[in-house]
Amino acid sequence: MAGRGVGCLWKRHVVEQLKQRDRVQRQAFEEIIHQYNRLLERSDLQVVFSERLQTDKYEHQNRHDLSPGVDGGRSDSLQQEMAQMRIRHQEELTELHKKRGELAQNVIELNNQIQQKDKEIQSNEAKMLEYQQQISRLEGECRELRNSLADLERANQTLRDEYDALQITFSALEEKLRKTTEDNQELVTRWMAEKAQEANRLNAENEKDTRRRQAKLQKELADAAKEPLPIDQDDDIEVLTEDAGKATGETSPSRQPSRTPSKRVSQPPPPPPPPGGLLDSITNIFGLSDSVQPGFVPSDSRRRRSVNSFSSSPEAAEAQSACADVRVPSTALHIFDAHDGEVNAVRFSPGSRLLATGGMDRRVKLWEVVSGRCEAKGALTGSNAGITSIEFDSAGTYLLAASNDFASRIWTVDDFRLRHTLTGHSGKVLSARFLLDNTRIVSGSYDRTLKLWDLRSKVCMKTVFAGSSCNDIVCTEQCVMSGHFDKKVRFWDIRAESIVHELELLGRVTSLDLNHDRTDLLTCSRDDLVKIIDLRSNAVRQTFNAQGFKCGSDFTRVTFSPDGSYVAAGSADGVLYIWNVLTGKLDKTLDKGHSSAINSVSWSPSGAYVASVEKGSKAVLWSDM
């Protein structure tokens, strides 16, 4: 009904507009038509007058013919008058014909205009019909859109309800996780306290046992010293010599072992030695300490410390030898195409003999550094996506690489064989590092988690949710430091799976590196600043920047020199910047090597070379030679 009423309204409006236009246009032509009608009437009247004049003329001629003498003078005057009237009527007729032609022309033009207006009316009617169809179609689309909007509002309300439910569930799970973490922390604290009590109890028992044995042995020795012992000449007795003047710094002559016969003779007993010195000799024989302190540590602890020091001694020796001679590079010794496409990672082996590079062509390539040049040695294959980070173990036997196919892989360097593939992340693995014992690995991913892997069992031991994408990782003995997309550096305790400390920078963290004694942490962030964090105070100690230096990506890697006295970083314009840590000033800028942004930099442990790779396909070996 509403549609029908709207249709009647616009039709009535059109009719009224047409009537109005007809009235306006008719007023313009009414006068012309009226004059035209008057001219037609006058023309008809003139025709009638002409016929009558012709009739009168014939009659006069006939009369003149009948009486020529009577009306001669009068007829002449009538003829002249008739001639004048004829001329006047002829002029009027001519003028009337002229006006008639003009009016006919006007009528033709008006007819043409009327036809043109009719055509315009027809075209307007066609357009109105088309517009009406468009209006109908748009009204249908509006109805469909209203229906769709109603459906979307219902779906939105449903999703909002689901989101609220999920939010409530997430809050409950988060609260449960917090309580579980607190319970776990409490259990760990209790476990550590019980372990400490057990260790103290074992130490106390060992101390009591040692004191009891010493007292018993001292008593037996005192009793033996009081009783004279008969000595047979045939018995062979070996006597231990003892330093009787140890406390005073004097030395007593050693008693030589003597052989006496086993036959008993009456001899005076030898003078008894001082009890303390004899006790010391016997305790030395049994491997006992001369005095037991309250802080007694069992022998297995000493053995454990000795094993740890042995396992870390090659790395320490290598670090000492590496820190002996660090040279600041000044020349590009070798520029070469490392990969087919972008090169993301570069790392020297612990012995500085090999250089490893990883690129978007899914390969890790090994290069042998010989006389200032990098010679291809082999390629490690098996990754299904681009390589993001590379690291050697402390012995240089294994190579660990993270990739964009959600996995980390380990190869043996000697035979290029793939040994382990660690899968479990749900996003790109952006960094992976060996722990100091080389039997565990920590990996950080775009899925905002860190995972701890055991290489002996080849399983994931722990998964920690970091809350933000992890761009880089470094490790100490019991602490993992991770740099994240949310501008934070997080410090994790491996044993407790909890954050020990957080430090927020001014930009997204792209890289982390430790100095040789693991007291300083080097960071690079997207605010184009390179900073050193003192791990003893967990505070920023030094900040480096330079005119023109710009961090090229979210994964730009920077590095310490082996002795920690220099910092090297690559810029988005392909320039390598080197700062002096002691002075805090820019030492060198090397701009003749790269044609695109530098992705990663590595300083050789020997200190002789620096390697850098770029977003193009090139790698550059630098030195001061």
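Refer to the structure presented above.
Given the structure is predicted, the values throughout are model-derived calculations rather than measurements.

Whenever I open this one, the side chain of glutamate 614 confuses me. Can you help?
Looking at where glutamate 614 falls in the secondary structure, it is placed in strand E29 (residues 610-614). Of the side chains with opposite charge, lysine 618 lies nearest to the buried glutamate 614, which makes no salt bridge, at 5.9 Å. Residues within four places of glutamate 614 in sequence aside, it is in contact with Glu342, Val343, His594, Ser595, Ser596, Ala597, Ile598 and Asn599.

In this structure, what is going on with the sheet that holds strand E17 (residues 479-484)? I would like to understand it.
Backbone-to-backbone hydrogen bonds join strands into a sheet, with any given pair of strands oriented parallel or antiparallel. Across the sheet, 4 strands lie side by side as E16-E17-E18-E19; this open sheet has antiparallel pairing. Where the open sheet ends on each side, the last strands, each with one partner, are strand E16 (470-475) and strand E19 (498-504). Averaged over all pairs of adjacent strands, the angle between strand axes in this sheet comes to 20 degrees, irrespective of strand direction. Here E17 runs beside strand E18 (residues 488-493); their pairing, made up of 5 bridges, is antiparallel. By the bridge assignment, serine 482 is partnered in E18 with arginine 490.

Sorry, what's going on with the pattern of salt bridges here?
Side-chain pairing between opposite charges can occur once the charged atoms of the two side chains come close. Overall, the coordinates contain 26 salt bridges when judged by the stated rule. Aspartate 151 is paired through a salt bridge with arginine 154; the nearest N and O atoms lie 1.9 Å apart. Of this pair, aspartate 151 and arginine 154 both sit in helix H2 (residues 72-226), 3 residues apart, roughly one helical turn. Between arginine 211 and glutamate 207 there is a salt bridge, and its shortest N-O distance comes to 2.6 Å.

What is the right way to read unusual backbone geometry from this model?
Backbone geometry follows two general trends: most residues other than glycine have a negative phi, and most peptide bonds adopt the trans configuration. Phi at arginine 362 takes a positive value of approximately 70 degrees, unusual for a residue other than glycine. Mapping arginine 362 onto the fold places it in the loop between strand E5 (354-359) and strand E6 (364-370). Of note, the phi angle at arginine 448 is positive, near 70 degrees, even though the residue is not glycine. Relative to the helices and strands, arginine 448 resides in the loop between strand E13 (440-445) and strand E14 (449-454). Judged by relative accessible area, arginine 448 falls into the partly exposed class, the value being 40%.

Help me understand the packing of aromatic side chains in this model?
For any pair of aromatic rings, the description rests on two quantities: the centre-to-centre distance and the angle between the ring planes. For the coordinates displayed, the defined rule picks out 6 aromatic pairs. Members of the aromatic cluster, joined through ring pairs, are Phe544, Phe549, Tyr577 and Trp579.

Just to check I follow, could you spell out the environment of serine 50 for this structure?
In this fold, serine 50 is placed in helix H1 (residues 2-66). Judged by relative accessible area, which is 30%, serine 50 ranks as partly exposed. The spatial distance from the C-alpha of serine 50 to the C-alpha of arginine 86 is 8.4 Å, given a sequence separation of 36 residues.

Help me understand the sheet that holds strand E23 (residues 539-544) in this model?
The strand order across the open sheet built from 4 strands is E20-E21-E22-E23, with neighbouring strands paired in antiparallel fashion. Looking at which strands have only one partner, the edges of the open sheet turn out to be strand E20 (509-514) and E23. Put simply, the sheet's adjacent strands are angled 25 degrees from each other on average, direction ignored. Two strands pair when backbone bridges link them, and strand E22 (residues 529-534) and E23 are joined in this way by 5 bridges, in the antiparallel orientation. In the sheet register, aspartate 534 faces E23, and the bridge partner there is alanine 539.

Analysis parameters
Residues numbered from 1 in each chain as written. Predicted model: local features only at pLDDT ≥ 70, side-chain atom pairs only at ≥ 80, totals over all residues. Heavy atoms only, no water. Helix = DSSP H or I, 4+ residues; strand = E, 2+ residues; numbered from the N terminus. Buried < 20%, exposed > 50% of the residue type's maximum accessible area, 1.4 Å probe, protein only. Lys, Arg positive; Asp, Glu negative; His and termini not counted. Salt bridge = Lys/Arg side-chain N within 4 Å of Asp/Glu carboxyl O. Contact = heavy atoms within 4.5 Å. Pairing = 2+ DSSP bridges. Axes fitted to C-alpha atoms, helices over the stretch in contact; angles between N-to-C directions. Phe/Tyr/Trp six-rings, centres within 6.5 Å; stacked < 30°, edge-to-face > 60°.

Interpretation note: all reported values are geometric properties and have no functional meaning in isolation.
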